[in-house]
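Here is how the chains run, residue by residue.
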Amino acid sequence: MKVLEAHRDPQKEVVRAAEETAGSLAASLTPEQSLKVLCPVVQTADFPINLAAIKMETRVVERLSPPILHTLLPSIIPGLLQGYDNAESSVRKACVFCLVAIHSAIGDELNPFLAHLSGSKVCKLPMCTVNKCLILTH
């Protein structure tokens, strides 16, 4: 949690070091351990801590096998959908990138988790955008 809180520091060097440390933690802790901490933070923390947690969550999601990811989606998706409504554009963008990472792992199995989004929100998160990001990452 201290690593995430360091993202509030006014000095850019501290924030950069916190980002690097968060990336290392995401790579070294088990995904289940990471998500147990990150999911509540994504849902409750304010900017910039929520942004850091979403970015870290994306790194964790990228390491998960599709079957395990699918079982963890009920704890991951609510925070991402909440962040998708955030006033900060960087938080919304990070949520989209995390959703893209999930979609690249499980494909259309993600769709039921997005079903309760209103029509206008689905239009703002078109799968063509997701597909465009997938093309850029492959």
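Now for a description of the structure that goes with this document. Since this is a predicted model, take the numbers as computed values, not measurements.

**What to know about helix H3 (residues 31–44)**
The end-to-end C-alpha distance of H3 is 20 Å, a good match for the 20 Å that 14 residues give at a rise of 1.5 Å each. The largest bend in H3 comes to about 25°, at Leu38, with the proline Pro40 one to four residues further on. Buried within H3 are the following residues: Pro31, Ser34, Leu35, Leu38, Cys39, Val41 and Val42. Packing partners of the buried residues in H3 comprise helix H1 (2–5), helix H2 (12–28), helix H4 (49–63) and helix H5 (66–83).

**Topic: the environment of Leu51**
Checked against the element boundaries, Leu51 lands in helix H4. With 37 residues separating them in the primary sequence, Leu51 and Glu88 have C-alpha atoms 9.1 Å apart. The residues touching Leu51, leaving out its near neighbours within four places in the chain, are Ser90, Val91 and Ala94.

**Quick notes on the packing of H5 against helix H6 (residues 89–106)**
For any two helices packed against each other, one specifies the crossing angle of their axes together with the interaxial distance. H6 packs onto H5 with a crossing angle of 160° between their chain directions and a minimal axis gap of 11 Å. Between H5 and H6, the crossing angle belongs to the class labelled roughly antiparallel. The two elements H5 and H6 meet at a crossing, and its hand is left-handed. Along the contact surface, H5 presents Pro66, Leu69, His70, Leu73, Ile76, Ile77, Leu80 and Gly83, while H6 presents Val91, Arg92, Cys95, Cys98, Leu99, Ile102, Ala105 and Ile106. For the contact of H5 with H6, the per-class residue count stands at 13 nonpolar, two polar and one charged.

**Section: the nonpolar core**
Membership of the largest hydrophobic core comes to 35 residues, with the highest contact counts inside it found for Leu4, Ile54, Leu69, Ile76, Ile77, Leu80 and Ile102. For this core, the secondary structure elements donating two or more residues are H2, H3, H4, H5 and H6. With sequence-adjacent residues up to four places away left out, Ile102 is seen in contact with Val61, Leu69, Leu73, Ile76, Ile77, Leu80, Gly107 and Leu110.

**With respect to the packing of H4 against H6**
At a closest axis distance of 9 Å, the pairing of H4 and H6 adopts a crossing angle of 10°. Taken together, the axes of H4 and H6 lie roughly parallel to each other. Residues Asn50, Leu51, Ile54, Lys55, Glu57, Thr58, Val61 and Glu62 of H4 lie in contact with H6, whose contacting residues are Ser90, Val91, Ala94, Cys95, Phe97, Cys98, Ala101 and Ile102. Here the residues of the contact of H4 with H6 sort into ten nonpolar, three polar and three charged.

Definitions and cut-offs
- Residues numbered from 1 in each chain as written.
- Predicted model: local features only at pLDDT ≥ 70, side-chain atom pairs only at ≥ 80, totals over all residues.
- Heavy atoms only, no water.
- Helix = DSSP H or I, 4+ residues; strand = E, 2+ residues; numbered from the N terminus.
- Expected span 1.5 Å × (residues − 1).
- Bend = angle between axes of the 7 residues up to and from the residue.
- Buried < 20%, exposed > 50% of the residue type's maximum accessible area, 1.4 Å probe, protein only.
- Contact = heavy atoms within 4.5 Å.
- Axes fitted to C-alpha atoms, helices over the stretch in contact; angles between N-to-C directions.
- Parallel < 35°, antiparallel > 145°, perpendicular 65-115°, else oblique.
- Left-handed = near helix turned anticlockwise from the far one by under 90°.
- Nonpolar A, V, L, I, M, F, W, Y, C, P; charged D, E, K, R; others polar.
- Core = buried A, V, L, I, M, F, W, Y, C linked by side-chain atoms within 4.5 Å.

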